Amino acid sequence: MSTSKQPAFPPFNPFVRHPTSFLGKVKMFVCGSILVPIRLTGAILTLTSCLLWCNICSIGLRDLSTPYSPRRKRLLQGGCRFHSRVLLFWYGFLWLRESYEIEDAEERARQPHPSVVVVNHIGFAELMYLVYSDGCCFVSKDANRALPFIGKISEALQSIFVDRGEGKSKHDNTTSESIQNSSSHSDAGATTTDKILERAHSPVGTWPPLALCPEGTTHTGHVLIRFATGAFRAGLPVQPVIVSSPFSAIHGYDPSFSCANIITHVLCLMTQPMNHLHVKHLAVYVPNDAEKKDPTLFANNVRQKMASELGVECYDLTWTDKLRYESSEKAQELGRQRLAARNGGVVPPMPIFTEDAFGNALVEESSKDK
């Protein structure tokens, strides 16, 4: 447990999305009746085309867990990058606001090559962006393999899959929420950290760029929660990328994907005339000697740098803390069990939230935020 004077939770719920106002719902109905049929059709066709492209590029492959040939990788990444940008368009992200901490392109090119890309996790738009911008693959929960289209495309991109539902960690340790237990096409005995280290130490270009969301779960984007150390154990430079998705509390729809049904969320995104995605590439973070020896220190310092650029606070929260706000009773029960294990058999009371993420006082304070 943290000894800091900072409270465990912020005054707002970082895991529950901002509610849509009455005006926002009217806007969703009016605009959605026109936009959703068009965008949904476009998204399905784009996903079908991308899956077909991945299948074509995988012809003749028996093992997706070994590096592709340069030509095969170039073809696969090129097609996925194109399709990812088109998908963002159908989801309402018409324009992307990209910026760089180091504005000079030549100076950026002289930076050390990063072993991995680390990004804060507010949904799936930032993941599609990183496929579009860099052809990245990801560390993803194993359940995502079952998703239509997305599962097969992620496998073709050579993502690393984590089975966190069987995590043995009782205390949300540095590998965070069973990140050590992973499943893949092969190397069943290798942990997620082993696979990250293998790719981090491989020659540049051997694998697709690996992007990780070290928070391990999504939230609303108004804080940064605890970083797992898997991305930092190699002691090599990392590329921090920060994303935000601003919206109007008066008439907008919260684009963050947290404690929400994925189908409903996608359809609601499509009702918006335009969703916003702001992306900033920070300078490659090169660890000092102390950070190379201590991955927790390395992770915390990178997190603090990202939080400072985002203008948000850091909290020592994890996926376990989020589970009690999920809609399913199974997830809520798992959360209670894990919290009890983490707190000596005692389930802590639900926190009381006094304001929303925009600083507005809540009309009714409750120990539960549903």
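So, how was this worked out
- Residues numbered from 1 in each chain as written.
- Predicted model: local features only at pLDDT ≥ 70, side-chain atom pairs only at ≥ 80, totals over all residues.
- Heavy atoms only, no water.
- Core = buried A, V, L, I, M, F, W, Y, C linked by side-chain atoms within 4.5 Å.
- Buried < 20%, exposed > 50% of the residue type's maximum accessible area, 1.4 Å probe, protein only.
- Helix = DSSP H or I, 4+ residues; strand = E, 2+ residues; numbered from the N terminus.
- Contact = heavy atoms within 4.5 Å.
- Salt bridge = Lys/Arg side-chain N within 4 Å of Asp/Glu carboxyl O.
- Patch = residues over 30% accessible without salt bridge, like charges linked within 9 Å, V, L, I, M, F, W, Y side chains within 5 Å.
- Areas by Shrake-Rupley, 256 points an atom, 1.4 Å probe, with all protein chains shown as cover.
- 1 Å grid on protein atoms, 1.4 Å probe; cavity = no way out; pocket = protein on both sides within 12 Å on 5 of 7 lines; lining within 4 Å.
- Points joined across faces, edges and corners; volume = space filled by probe spheres on them.
- Nonpolar A, V, L, I, M, F, W, Y, C, P; charged D, E, K, R; others polar.
- Axes fitted to C-alpha atoms, helices over the stretch in contact; angles between N-to-C directions.
- Parallel < 35°, antiparallel > 145°, perpendicular 65-115°, else oblique.
- Lys, Arg positive; Asp, Glu negative; His and termini not counted.
- Pairing = 2+ DSSP bridges.
- Disulfide = S-S within 2.5 Å.

J.: When you look at the nonpolar core in this model, what are you seeing that I'm missing?
T.: In summary, soluble globular proteins display a tendency toward joint burial of nonpolar side chains. Counting 67 residues, the largest nonpolar core has Tyr91, Phe232 and Val302 as its most contacted members. For this core, the element with the most residues is helix H1 (residues 22-57), which contributes 8 residues. In this structure Tyr91 touches Ala43, Leu47, Phe124, Met128, Val266, Leu269, Met270 and Asn275, once residues within four positions along its chain are discounted. If you look at the next biggest cluster of nonpolar residues, it comprises 10 residues, including Phe9, Phe15, Ile225 and Leu317.

J.: Explain the pattern of salt bridges to me, please; I cannot follow it from the model alone.
T.: Pairing between side chains becomes possible if they bear opposite charge and their charged atoms approach one another. The final tally for this structure, using the stated rule, is 11 salt bridges. The salt bridge involving Glu155 is made with Lys152; its shortest N-O contact spans 4.0 Å. In this pair, Glu155 and Lys152 both sit in helix H5 (residues 150-156), 3 residues apart, roughly one turn of the helix. Between Arg336 and Glu333 there is a salt bridge, with the nearest N and O atoms lying 3.0 Å from each other. In this pair, Arg336 and Glu333 both sit in helix H11 (residues 329-342), 3 residues apart, roughly one turn of the helix.

J.: Quick question: what am I supposed to make of a nonpolar patch on the surface here?
T.: The grouping of Leu40, Ile44, Ile262, Ile263 and Leu267 at the surface amounts to a nonpolar patch, some 390 Å² of accessible area in total. When contributions to the nonpolar patch are tallied by element, the ones reaching two or more residues are H1 and helix H7 (262-271). Per-element accounting of the nonpolar patch gives the leading share, 3 residues, to H7. Looking at the element boundaries, Leu267 is found in helix H7.

J.: I would appreciate a short explanation of the layout of surface pockets in the present structure.
T.: Think of a ball as big as a water molecule: rolled over the atoms, this probe shows where empty space is left. The calculated volume of the second largest pocket comes to roughly 800 Å³. What lines the second largest pocket is a set of 37 residues, and nearest its centre among them are His113, Pro114, Val117, Asp134 and Pro209. Broken down by secondary-structure element, the contributors of at least two residues to the lining of the second largest pocket are helix H2 (70-90), strand S1 (96-100), helix H3 (105-109), strand S2 (116-119), helix H4 (125-134) and helix H6 (192-201). For the lining of the second largest pocket, the element with the highest residue contribution is H4, accounting for 4 residues. Residues that form the lining of the second largest pocket fall into these classes: 21 nonpolar, 10 polar and 6 charged.

J.: What should I look at first to understand the environment of Ala361 in this one?
T.: In this structure, Ala361 sits in the segment after H11. Between the C-alpha atoms of Ala361 and Pro11, which are 350 residues apart in sequence, the distance is 9.6 Å. Beyond its immediate sequence surroundings of up to four residues, Ala361 is in contact with Thr354 and Glu355.

J.: Can you walk me through the packing of H1 against H2 in this structure?
T.: Two numbers describe a pair of packed helices, the interaxial angle and the distance between the axes. Two numbers describe how H1 lies on H2: the axes approach to 9 Å, and their chain directions differ by 175°. Classified by the interaxial angle, the pair formed by H1 and H2 is roughly antiparallel. Contacts between H1 and H2 pair Ile38, Arg39, Gly42, Ala43, Thr46, Leu47, Ser49, Cys50, Trp53, Cys54 and Cys57 from the former with Arg72, Leu75, Leu76, Gly79, Cys80, His83, Val86, Leu87, Phe89 and Trp90 from the latter. Split into classes, the residues belonging to the contact of H1 with H2 amount to 14 nonpolar, 5 polar and 2 charged.

J.: Looking at this model, I keep getting lost on the side chain of Thr20. Mind explaining?
T.: Checked against the element boundaries, Thr20 lands in the segment before H1. In contact with Thr20, other than residues within four places in its own chain, are Lys25, Met28, Gly252 and Tyr253.

J.: Would you take a moment to explain the side chain of Lys73 for this structure?
T.: Structurally, Lys73 is set in helix H2. The buried charged residue Lys73 lacks any salt bridge partner; its closest oppositely charged side chain belongs to Asp134, at an N-O distance of 12 Å. The residues contacting Lys73, other than those within four sequence positions of it, are Tyr68, Gly205, Thr206, Trp207 and Pro208.

J.: Can you help me understand the pairing of strand S8 (residues 238-244) in this one?
T.: Residues in a regular strand project their side chains so that they alternate between the two faces of the sheet. Across the 7 residues that make up S8, a large majority, 6, are buried. Bridge analysis of S2 against S8 gives 4 bridges, and the strand direction is parallel. Each residue of the ladder has a partner; that of Val116, found in S8, is Val238.

J.: Explain the state of the cysteines here, please?
T.: Think of a disulfide as a covalent bridge from one cysteine sulfur atom to another cysteine sulfur atom. This structure, assessed with the given rule, holds 0 disulfides. Between Cys54, a free cysteine, and Cys80, which holds the nearest cysteine sulfur, the sulfur-to-sulfur gap is 3.6 Å. Assessed through its relative accessible area of 1%, Cys54 is described here as buried. Residue classification places Cys80 among the buried positions, given a relative accessible area of 1%.

J.: I'm lost on empty space enclosed by the protein in this one. Help?
T.: Evaluated as defined, the whole model comprises 2 cavities of 30 Å³ or more. Taken as a whole, the largest cavity encloses approximately 80 Å³ of empty space. Residue lining of the largest cavity: 13 residues in total, with Phe93, Gly123, Phe124, Ala125 and Pro255 positioned closest to the centre. Among the secondary structure elements, those contributing two or more residues to the lining of the largest cavity are H4 and H7. Estimates place the volume of the second largest cavity at around 30 Å³. For the lining of the second largest cavity, the residue count by class is 5 nonpolar, 2 polar and 1 charged.

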